[in-house]
Amino acid sequence: MIVMQLNGVSKSFGADEILSNVKLEIKDRDRIAIVGRNGAGKSTLLKIMAGELSHDNGEIYKPKDLTIGYLSQHTGLESDKTMWNEMLEVFDHLVIQEKKLRAMEQQMSMAGDMDPEAYTKLLHDYDRLQHAFDADGGYQYEADIKSVLSGLNFLEYDFDTPIHTLSGGQKTRLALGKLLLTKPALLILDEPTNHLDIETLGWLESYLTSYPGAIAIVSHDRYFLDRTASIVYEISRHHAKKYHGTYSKFLEQKALDYEQELKEFEKQQTEIKKMEDFIQRNIVRASTTKRAQSRRKQLEKMEKLDRPLGEESSASFSFQVKKRSGNDVLKIESLAFRYPDEEQPIFEQMNLRVNRGERIALVGPNGVGKTTLLKTILGITAPEKGSLQLGTNVEIGYYDQEQATLSSNKTVLNELWDEYPLVMEKDIRTVLGNFLFTGDDVLKPVSALSGGEKARLALAKLKMQEANLLILDEPTNHLDIDSKEVLEAALADFPGSIIFVSHDRYFINKIADQVVEMKPNGATVYLGDYDYYVEKKQEEAELARLEQAKQVVQQADEGKRSFQQEKQLQSEQRKKERQIAKLEEEISSLELELAELEEKMTQPEIYQDHEKSLELLQQTGTVKEKIEQLMEEWTALQEN
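**Q** Describe in detail the side chain of T228, supporting the description with residues and values.
**A** Looking at the secondary structure, you find T228 in helix α8 (residues 222–228). Taking the relative accessible area as the measure of exposure, T228 reaches 8% and is therefore buried. Within the structure, T228 has its side chain in polar contact with the backbone oxygen of F224 (distance 2.8 Å). Those residues in contact with T228 that lie beyond four places of it in its chain are R31, E205, L208 and I217.

**Q** Talk me through the pattern of salt bridges; I want residue IDs and the actual numbers.
**A** Summed over the entire model, instances satisfying the criterion amount to 37 salt bridges. Here D221 ties to R505 by a salt bridge, and the two come within 3.7 Å at their closest N and O atoms. Placement of the pair is D221 in the loop between β7 (214–218) and α8 and R505 in helix α16 (residues 505–511), with a sequence separation of 284 residues. Per residue, the accessibility class of D221 equals that of R505, and both read buried. Its salt-bridge partner being E453, residue K444 comes within 3.6 Å of it at the nearest N-O pair. Each of K81, E86, E89 and K178 takes part in salt bridges that share partners, so that together they form one network.

**Q** Give a detailed account of the sheet that holds strand β2 (residues 16–27), specifying residues and quantitative values.
**A** With antiparallel pairing, the three strands of this open sheet are ordered in space as β2-β1-β4. Every interior strand has two partners, whereas the edge strands, β2 and β4 (57–61), have only one. Averaged over all adjacent pairs, the angle separating strand axes in this sheet is 10 degrees, with direction ignored. As judged from the eight bridges shared by strand β1 (residues 2–13) and β2, these two strands associate in the antiparallel manner. Bridge pairing links M4 to I26 in β2. Contacting β1, β2 and β4, helix α1 (residues 42–50) crosses the sheet at an angle of about 55 degrees to β2.

**Q** I'd like a rundown of the environment of K537, residues and numbers included.
**A** Along the polypeptide, K537 turns up in helix α17 (residues 530–555). On the basis of relative accessibility, which here comes to 28%, the residue K537 falls in the partly exposed class. Through-space distance from the C-alpha of K537 to that of V442 is 47 Å; in sequence the pair is 95 residues apart. The contact partners of K537, leaving out residues within four places of it in the chain, are E517 and Y526.

**Q** Provide a residue-level description of the nonpolar core, including the pertinent values.
**A** Grouped together as the largest cluster of nonpolar side chains are 52 residues, with contacts concentrated most on I145, L149, L174 and L208. A total of six residues in this core trace back to one element, the largest contributor, which is helix α6 (residues 168–182). Among residues more than four places away in sequence, those in contact with L174 are L77, M83, M87, L149, F154, I163 and L166. In this structure, A361, L416, L470 and I508 belong to the second largest nonpolar core, which totals 46 residues.

**Q** Run through the sheet that holds strand β13 (residues 385–390), naming residues and quoting values.
**A** Backbone hydrogen bonds are what pair the strands of a sheet, in a parallel or an antiparallel way. The three strands are arranged β11-β10-β13 in an open sheet whose pairing can be described as antiparallel. Both edges of this open sheet fall to β11 (347–355) and β13, since each of them pairs with a single strand only. The mean angle between the axes of side-by-side strands here comes to 10 degrees, regardless of whether they run parallel or antiparallel. Of the pairings in the sheet, the one linking strand β10 (residues 328–337) to β13 comprises five bridges and is antiparallel in character. For K331, the partnering residue across the bridge sits in β13 and is Q389. Helix-sheet contacts for helix α11 (residues 370–378) involve β10, β11 and β13, and the interaxial angle to β10 is about 120 degrees.

**Q** How would you sum up the packing of aromatic side chains? Please name residues and give values.
**A** In the structure shown here, the tally under the stated rule is 17 aromatic pairs. Relative to F319, the ring of F317 lies with its centre 5.5 Å away and its plane at 80 degrees, an arrangement referred to as edge-to-face. For the pair F317 and F319, one class covers both residues: buried. Taken together, the ring pairs in this structure connect Y223, Y526, Y530 and Y533 into an aromatic cluster. Cation over ring: R173 sits above F154, and NZ or CZ is 4.6 Å from the ring centre. Over the ring of F437 we find R456, and its NZ or CZ is 5.2 Å from the ring centre.

**Q** Could you give me a rundown of the side chain of R359, with the residues and numbers involved?
**A** With respect to the element layout, R359 can be found in strand β12 (residues 359–363). The buried charged residue R359 lacks any salt bridge, with D513 as its nearest oppositely charged partner at 4.8 Å. Within the structure, R359 has its side chain in polar contact with the backbone oxygen of G357 (distance 3.3 Å). Every residue in contact with R359, bar those within four places of it in the chain, is listed here: L491, A492, F494, G496, I498, I511, A512, D513 and Q514.

**Q** Go over the packing of helix α3 (residues 92–108) against helix α4 (residues 116–135) with me, naming the residues and quoting the values.
**A** For the pair α3 and α4, interaxial distance at closest approach is 10 Å and the crossing angle is 150 degrees. It follows from the interaxial angle that α3 and α4 lie roughly antiparallel. Crossing hand, α3 versus α4: left-handed. When α3 is examined against α4, the residues L94, Q97, E98, K100, L101, M104, E105, Q107 and M108 are found in contact with a partner set consisting of Y119, L122, L123, D125, Y126, L129, Q130, A132 and F133. In terms of residue class, the contact of α3 with α4 is built from eleven nonpolar, three polar and four charged.

Procedures and definitions
Residues numbered from 1 in each chain as written. Predicted model: local features only at pLDDT ≥ 70, side-chain atom pairs only at ≥ 80, totals over all residues. Heavy atoms only, no water. Helix = DSSP H or I, 4+ residues; strand = E, 2+ residues; numbered from the N terminus. Buried < 20%, exposed > 50% of the residue type's maximum accessible area, 1.4 Å probe, protein only. Polar contact = N/O pair within 3.5 Å; in protein donor to acceptor, adjacent residues only side chain to side chain. Contact = heavy atoms within 4.5 Å. Salt bridge = Lys/Arg side-chain N within 4 Å of Asp/Glu carboxyl O. Pairing = 2+ DSSP bridges. Axes fitted to C-alpha atoms, helices over the stretch in contact; angles between N-to-C directions. Core = buried A, V, L, I, M, F, W, Y, C linked by side-chain atoms within 4.5 Å. Phe/Tyr/Trp six-rings, centres within 6.5 Å; stacked < 30°, edge-to-face > 60°. Lys NZ or Arg CZ within 6 Å of the ring centre and 35° of its normal. Lys, Arg positive; Asp, Glu negative; His and termini not counted. Parallel < 35°, antiparallel > 145°, perpendicular 65-115°, else oblique. Left-handed = near helix turned anticlockwise from the far one by under 90°. Nonpolar A, V, L, I, M, F, W, Y, C, P; charged D, E, K, R; others polar.

This is the structure in structure tokens:
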């Protein structure tokens, strides 16, 4: 069922066209990602869909009873209520029903004083109300509230905490939580991953995957989009184009589409050139004039293809170093930090070694002290105890997520030129041009820049430093996806060392060769990217679970198992049976594929063609190898 359809929607602000002839369709349970550059009109489109903003032209079709939930980019709950009471507001109708049920129960307890007919009616009304209460989730709404607050990382908070005492990021998370509890038929989310740590992101992905309604999301988190979206609309040059599949599939299809469109354009241009040459050679000759005129008419009727536009302009830069550092870049031993008015340290027993060329990602829940550690390395904050030693020739370049190093009263040009007065203006302008500040853009005041523009300006300043140790605090915040990819390419070629904090899992995968998980009482180093870190964490959790199960078994009397232990063993057995069934299904599928390949190899047009025959032979070998591997796994599971 279609829950919303946009047909030819356009929007302009004054003379600036933002959206033109946009067509978009959302069906029940669709998972739609809307992507595009900063300023492309994604947030504007969401506001139009949510009814927060009018459109100039086109139509929007939706059922009259459609419920829409909209979370804007900078939404934060402003309320004098407690966290719990604010969330409870979503279920006011259930609270009222519950009070009615309690009042009816009170009446029923005095049945002896009631008229039999009135008592029968009361029982009937009570039964009807109770069924409605149950159907609306009356017996689980408190559990739902706790689940959402826990998932959004509020479990350690007293739920009676007044909302006005929370930070801006926490208020944004609460606004998201309240919206999720309302469960509208269409959920519209603009950058919902802002202010979420990695653990909370994982919870939100799982929640949205099983969400009962349709979802439209704008996000620059590529990992998040890959996990949640199955349809992608790209907003580019004021128009929208639809792609089916995940974000990664969208990138692949977009590249293929461009290649195909370019081939078709070039083929037509060649054809046009041939026709024009024929007309020019033959139009004046009496014997061929008619053929030339016919070819001219054919050319005039031809529907000309436009050259595909390809990608919009992107930033282009690289990071260089003035001088090379020693092999030992940073050594941290038993470092601890505590705020003066806090009883417990933010972190302690922090140990870390950084060698030249290493790229280290710091991860951990919000509040564990990742940014504080970076500032301690920079000397902005002083540790309570422990030691921190920089190596020989180490020069630090720092990217601050708050862009506090930028001067709001300066122009873009002077922001760089004032710090490097000996560099010629044209060279400063060239650097700024690489970061998409061209023409009069360089004369804009910093205070007038968007979040993405400030981020690019801060990166331009970082490039000019030519430091050999980059310390980056959430460098992908405010950047659109294209700018993130350019930054990733620049950092991949950087010859120095990098320590960075990021919640962008895709970015961590691209850059990090080590992941350091920070905890209040120390840190654990994982020698790999984010996916490797997740895999090792899952292994650790599984080993811990198995060890716990082993201890339970050892503690039990021989020949006796408690009900819980039996349940655990049955769960393990079911898991093994599921694995065996999955393997059998995969083996069956591969055997079918093998049979098809072998059937193809018997066909004359295949075995007579050496190249095709060799290709099928290699495919057959690969499939047989997979079958053997899966059979070994299947045998091992059967024998255990």
